[in-house]
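Read off the chains here:
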Amino acid sequence: MSQGGGDRDLFLKRSRDIEHAKKHGRRISTALFNMVICRIGEGESRVGIVVGKRFGGAVSRNRVKRLFRELTRQLQGQLLAGHALVVFPKRDSIVQPFAVLKELWLSSLQRQQLLRVRES
RNA sequence: GGAGAAGACCGGGUGAUCGCUUGGAGCGGUAACGCUUUAAGAGGAAAGUCCGGACUUCAUGGGCAGGGCGCUGGAUAAUUCCCAGGCGGAGCGAUCCGACACCAGCACCACAGAAAACAAACCGCCGAUGGCCAAGACGACGGGAUUCCAAUCCGGUCGCCUUGGAUCAGGUAAGGGUGAAACGGUGGGGUAAAAGCCCACCGCGGUGGUGGCGACAUCACCGGCAGGGUAAGCGUCGCCCGAUGCAAGGCCAAAUAGGAAGACAUCAGUCGGCUUUCUUCGGAGAGUCGGCGACCGGCUGGCCCGGCCGAGGUCUUCGGGUAGGUCGCUUGAGGUUCGAGGCAACUCGAAUCCCAGAGAAAUGAUCAUCCCCGUUUGGGAGAAAAUCCUAGAUGGGACAGAAUCCGGCUUAUAGGUCUUCUCCACCG
RNA sequence: GCGCCCGUAGCUCAAUGGAUAGAGCAUCGGACUUCGGAUCCGAGGGUUGGGGGUUCAAGUCCCUCCGGGCGCA
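Colleague: Which residues make up the pairing of strand β1 (residues 26-29), and what are the values?
Modeller: Inspection of the sheet shows β1 paired to strand β2 (residues 33-39) by four bridges, in the antiparallel sense. Bridging across to β2, Ile28 finds its partner in Met35.

In structure tokens:
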């Protein structure tokens, strides 16, 4: 349906979808974020970002969501289709430089074999 | 120069690349939508939700609750906010702070203290006056001793006076450890001792004059003093407030579930007893009496009164509502600049501008450069320290994110700018 | 977003505005016991969430901030 334009279809927004992923997905954790990965079949992969009230004030919560959204936008071309990812950022992720975050994101997805192989 | 007081303002700037949301224009497309281009896109507190409104829905009345505020005047859409003033308090001062009406009624005032709200009196002081007791002087009377009488001496009774009392009646509240608070304060006179008992000043109360719109101020006269505190305890008085909050509310409307609304007629059933008719002997119908229905349940702005509804039948209509979507949704007690009025809050007039509208919630990521501050290195000025100039490296730049919209309050906030004023020190 | 409620010892709760804030459990010490448990005796532990105000006096009354919880589609 979407031709890859606006980023509405890039993100998981309904709590029903996020609860489904949390219940059925497998959980990995890194130094800067936790993540739940769930296979949902057809369609583009989607990313949900969950930031609880314990993370901090509204400014910190908004900032970390923006960081992870930017990460998703920059790297959406390399993601394999048919998965739902739910990210739970940790408090340290807001003080790290963006390049460190990007490196960790790529390597952890590589380990889960969710990245599209470059040469093919 | 130092130490302060009050008020106003800023809250990093510029540029590049890649993105997000909304509006306009153009192109493509039946449409949904897509592409290109252009414009705009967090705050002084957006926060806390403590007040006040706009706006929304809710209503058959009556009464009672409930809440808020409390010096005066002004200003406002409105306010408990704001402005100006009064009074009280703090400060040398600029200034700051103040729930700042009423103690008539009820209630409370622990411990300590003689006594804690009614006025008294535990210790104390006095004992003037009237008693009592003691001593003494004087007088009168009568007695005894020395004795013939006189005279002297002794003791007695009465009267009066003086002095005295661990005294009684009584006077007094000056002084008394306490306490947050003790029934005006200081000084003098006065007295037996005292006391507004008297006087001066201060405080207080009343009356009148003057000034002020007023709170109040001030002056004069009069009064010897009225009688504690707490109402952010119950309460009284005056004024104000209906409730509800954009998750209000309107519209469209999947899936699932079957009901919902209106009108009309009947105006009532059920249980038990008795009488009677029919009977397939199980019962059924009619009449009459009694019980329940009906001291019940639901709705009705928080409560009460009051009010409305309640079973079954027939007919007509299709609606209600969840997920979701959409409207509300940003042109407004609006901003900016002038002018006028007012001490000011603010008001009036003119011109001009359109300035976020998201929806698990857009305003971001990376980089360059400039600005400010700190650390440090090299060079220079300087005898050296201090300090200054210059170049570089490195770190930092607060509090904090619109959610229906406004007016305030409160709280958080790195660094900086401006204006006015006060006190102290020095120089002229 | 809007509305509402609650904060007392480590935990669960008390406490008319009146004095060192109390009880139970828990902790520690002692007694008892061969040792432990139970029991008995005793002790420690509190900025009454923070600050300010009213009052002679505040855990209590009032204001404000902080933390926690609940409801509303």
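Colleague: Please set out the packing of aromatic side chains residue by residue, giving values where relevant.
Modeller: Each aromatic ring pair is summarised here by two numbers: the centre-to-centre distance and the angle between the ring planes. Under the definition given, this model contains three aromatic pairs. Plain terms: the ring middles of Phe68 and Trp105 are 6.3 Å apart, the flat faces sit at 65 degrees to each other, and that makes the pair edge-to-face. On the criterion of sequence distance, the pair formed by Phe68 in helix α2 (residues 58-74) and Trp105 in helix α3 (residues 98-111) is long-range, its members being 37 residues apart. The two residues Phe68 and Trp105 agree in class, both being buried. In this structure an aromatic cluster arises from ring pairing among Phe33, Phe68 and Trp105.

Colleague: Could you give an account of the pattern of salt bridges, naming the residues involved and the relevant values?
Modeller: Oppositely charged side chains can pair when the atoms bearing their charge come close. Tallied over the entire structure, the rule returns one salt bridge. In this structure, the salt-bridge partner of Arg73 is Glu70, at a minimum N-O distance of 3.8 Å. On the criterion of helical spacing, the pair formed by Arg73 and Glu70 is a turn pair, its members being three residues apart in helix α2.

Colleague: Got a sec to walk through the confidence of the model for chain A? Specific residues and values, please.
Modeller: A residue-level look at chain A finds 83% of positions with pLDDT of 70 or above and a mean pLDDT of 77. Under a pLDDT of 50 for its full length, residues 1-6 has, in the predicted model, one contact with residues more than four places off or in other chains. Scored as a complex, the prediction yields pTM 0.74 and ipTM 0.78.

Colleague: Could you give an account of the packing of α2 against α3, with specific residues and numbers?
Modeller: Contact geometry for α2 and α3: axes closest at 11 Å, N-to-C directions at 55 degrees. By the angle between their directions, the pair α2 and α3 is classed as oblique. Taken as a pair, α2 and α3 cross one another with a handedness that is right-handed. On the side of α2, the interface is formed by Leu67, Phe68, Glu70, Leu71 and Gln74, while α3 contributes Phe98, Leu101, Lys102 and Trp105. Taken together, the residues of the contact of α2 with α3 break down into six nonpolar, one polar and two charged.

Colleague: Can you tell me about the sheet that holds strand β4 (residues 83-89), naming the residues and giving the values?
Modeller: Strand order in the open sheet formed by four strands is β1-β2-β4-β3, and the pairing between neighbours is mixed. Two strands bound the open sheet, and with one partner strand each, they are β1 and β3 (46-49). Between one strand and the next, the sheet's axes are offset by a mean angle of 20 degrees, whatever the strand orientation. Sitting on the sheet, α2 is in contact with β2, β3 and β4, with an inclination near 170 degrees to β3.

Rules behind the numbers
- Residues numbered from 1 in each chain as written.
- Chains lettered and ligands numbered in written order.
- Predicted model: local features only at pLDDT ≥ 70, side-chain atom pairs only at ≥ 80, totals over all residues.
- Heavy atoms only, no water.
- Pairing = 2+ DSSP bridges.
- Helix = DSSP H or I, 4+ residues; strand = E, 2+ residues; numbered from the N terminus.
- Phe/Tyr/Trp six-rings, centres within 6.5 Å; stacked < 30°, edge-to-face > 60°.
- Buried < 20%, exposed > 50% of the residue type's maximum accessible area, 1.4 Å probe, protein only.
- Salt bridge = Lys/Arg side-chain N within 4 Å of Asp/Glu carboxyl O.
- pLDDT = per-residue confidence, 0-100.
- Contact = heavy atoms within 4.5 Å.
- Axes fitted to C-alpha atoms, helices over the stretch in contact; angles between N-to-C directions.
- Parallel < 35°, antiparallel > 145°, perpendicular 65-115°, else oblique.
- Left-handed = near helix turned anticlockwise from the far one by under 90°.
- Nonpolar A, V, L, I, M, F, W, Y, C, P; charged D, E, K, R; others polar.

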